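Below, each chain spelled out in residue letters.
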Amino acid sequence: MIKILMYIALFHLVLHADVMSYYKNVLTTLEYDKTYSLYKEANEISKESLNYARYTNFALDASYSNTKAKILNSRFDTVDVSMSDTLDLFGKGSYKIKELSLNLKEKKSLLNLQKEQLFSTLVAMLAEYHTLKEQLLLHKTLHDEQENIYTKLEKLQQNGAITTIDLLRFKNRLTALKTKIISEESQLNKMKKQLRLYAPNQDIPSLTQMKLLYTKEDFLAYNPSLKINDISAQKLNIKSASSQHNYLPEVTAGVAYQELGDPTGYGDNYSFNVGMHLPLNSADFKEAEALKVQALRQQSQTARYKINRENEYIKFHEDYLNADKQLALLKKSLADYEKSEKTIKIAFLRQFVDFNTYLQVLKQTLTMQEKIIVMKYQKSFNATILNAVSSGAIYE
């Protein structure tokens, strides 16, 4: 147990200093968190606005009229000024506030999903980059060794120990290997530039994670897609409740002043009024029922999102186990292949075996070494993804 805790602590240190540090810089470059912060700020302002508007929906009305009465010799003016306020005494606006709160949670879950997808893409790019980098080094080393052999073969050809055809075939093999190296250097340079676009001021990190530090339950505990689905269902239920309570009345209160220029009247008028607006639209109840059904349909997808997440875990975990087993077997067999290659190389230089036999053994060893590199980074890729998601570090 203590060893496991030590591994986990070490994982956080290594991941934070290496891949996680790079990932955080990429987040900064792409402004993921800044975008969310601005949305959160706007969301809070909207909620404050709704809270404020619950009791402060003021309206000012003013009118002017000029009247000519038959019984009067001159015209007279009338000025009306009124101010009213619509009051949400029954909390109808609270549903909009709840919906805004859910919108913020949904945005956060969407951000977490985007972060997870970004992290997975970056780690895949890093795994491909380091695989290519190590294979390039392998091919360069092989090329240097084969050039030394070619020099020896030239001397043997001059002495008549080998034919010109065999020397030419060996040289063609060297040319093909050099062409492969040039292509790999170009591809590696392109990938390096692409990776540095995301974090210009940081070196490309290495992938060193080779052990699984968390359980399946830890991985399944983080499921942004399921969270988004749950929130969508909650939003539909909130909208249903809002439609269902549309019948609740709205209260209006106001004051009015009338400046009356009619000489036959009784002077200016002052008044205070209270009113009530009561919607009687039966369609709101039907809309509420429809929204409830939509919410139930949304909730029915919960099982699918859980299964999808388990499938993701199974894929990463099985790929990790496959790479782990293959890597152990390949490393165990590599020594025999290298020994065989060394023996055949000596035999080839002494003309005990032909070029085809030497080339066949050389290809077998090279394929084994390339496969080891591929499996190494496949294992590291899957371990890094599983550990990062299960720890929740990528969502912070």
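All values reported here derive from a predicted model rather than from experimental measurement. (Residues numbered from 1 in each chain as written. Predicted model: local features only at pLDDT ≥ 70, side-chain atom pairs only at ≥ 80, totals over all residues. Heavy atoms only, no water.)

Glancing now at unusual backbone geometry. Positioned with a positive phi, glutamate 31 is a non-glycine residue whose angle comes to about 60°. Secondary-structure assignment places glutamate 31 in the loop between helix H2 (19-30) and helix H3 (32-53). Overall, glutamate 31 belongs to the partly exposed group, its relative accessible area being 38%. For glutamine 351, which is not a glycine, the phi torsion comes out positive at approximately 65°. Tracing the backbone shows glutamine 351 in the loop between helix H9 (302-349) and helix H10 (355-391). (Helix = DSSP H or I, 4+ residues; strand = E, 2+ residues; numbered from the N terminus. Buried < 20%, exposed > 50% of the residue type's maximum accessible area, 1.4 Å probe, protein only.)

A word on helix H4 (residues 94-158). Since one α-helical turn is 3.6 residues long, residues separated by three or four positions face the same way. Compared with the 96 Å implied by 1.5 Å per residue over 65 residues, the 95 Å span of H4 between its first and last C-alpha is a close match. Looking one or two residues beyond H4, the residue adopting positive phi is glycine 160, at roughly 85°. (Expected span 1.5 Å × (residues − 1).)

Moving on, we get to the pattern of salt bridges. Within this structure, the stated rule accounts for 15 salt bridges. Between glutamate 106 and lysine 235 there is a salt bridge; the shortest N-O distance is 2.9 Å. One end of the pair, glutamate 106, is in helix H4; the other, lysine 235, is in helix H7 (residues 224-244), and 129 residues separate them in sequence. Like glutamate 106, the residue lysine 235 is buried in the burial classification. Within the structure, one salt-bridge network assembled from shared partners comprises Glu116, Arg309 and Glu312. (Salt bridge = Lys/Arg side-chain N within 4 Å of Asp/Glu carboxyl O.)

This part takes up the packing of aromatic side chains. Taken as a whole and assessed by the stated rule, the structure comprises 8 aromatic pairs. Aromatic ring contacts, followed pair by pair, group Tyr150, Phe170, Phe355 and Tyr358 into a single cluster. Its guanidinium or amino end placed over the ring of tyrosine 39, lysine 107 lies 5.2 Å from that ring's centre, counting from NZ or CZ. (Phe/Tyr/Trp six-rings, centres within 6.5 Å; stacked < 30°, edge-to-face > 60°. Lys NZ or Arg CZ within 6 Å of the ring centre and 35° of its normal.)

Right, let's get into the sheet that holds strand S1 (residues 57-67). Either a parallel or an antiparallel arrangement is found when strands of a sheet pair, and the pairing is made through backbone hydrogen bonds. One open sheet holds the 4 strands; their spatial order is S1-S2-S3-S4, and the pairing between them is antiparallel. Edge strands, defined here as strands with exactly one partner in the open sheet, are S1 and strand S4 (269-277). With strand direction ignored, the average angle separating the axes of adjacent strands in the sheet is 15°. Examined bridge by bridge, strand S2 (residues 76-87) and strand S3 (residues 250-260) share 10 bridges and lie antiparallel to one another. Within the sheet, the bridge partner assigned to valine 81 lies in S3 and is tyrosine 257. (Pairing = 2+ DSSP bridges. Axes fitted to C-alpha atoms, helices over the stretch in contact; angles between N-to-C directions.)

Moving on to the nonpolar core. Formed by 54 residues in total, the largest nonpolar core has its most connected members in Tyr23, Phe119, Phe170 and Ile394. Sorting the residues of this core by element identifies H2, H4, helix H5 (164-198), H9 and H10 as the ones contributing at least two each. Here the element with the most residues in this core is H4; it accounts for 15 residues. Of all hydrophobic cores here, the second largest spans 7 residues; its members include Ala323, Leu327, Leu334 and Met375. (Core = buried A, V, L, I, M, F, W, Y, C linked by side-chain atoms within 4.5 Å.)

For the pair H3 and H4, interaxial distance at closest approach is 9 Å and the crossing angle is 175°. With respect to H4, the element H3 is oriented roughly antiparallel. Across the interface between the two elements, Tyr32, Asp33, Tyr36, Tyr39, Lys40, Asn43, Glu44, Ser46, Lys47, Leu50 and Asn51 from H3 touch Lys96, Ile97, Leu100, Ser101, Asn103, Leu104, Lys107, Lys108, Leu111, Gln114, Lys115 and Leu118 from H4. (Parallel < 35°, antiparallel > 145°, perpendicular 65-115°, else oblique. Contact = heavy atoms within 4.5 Å.)

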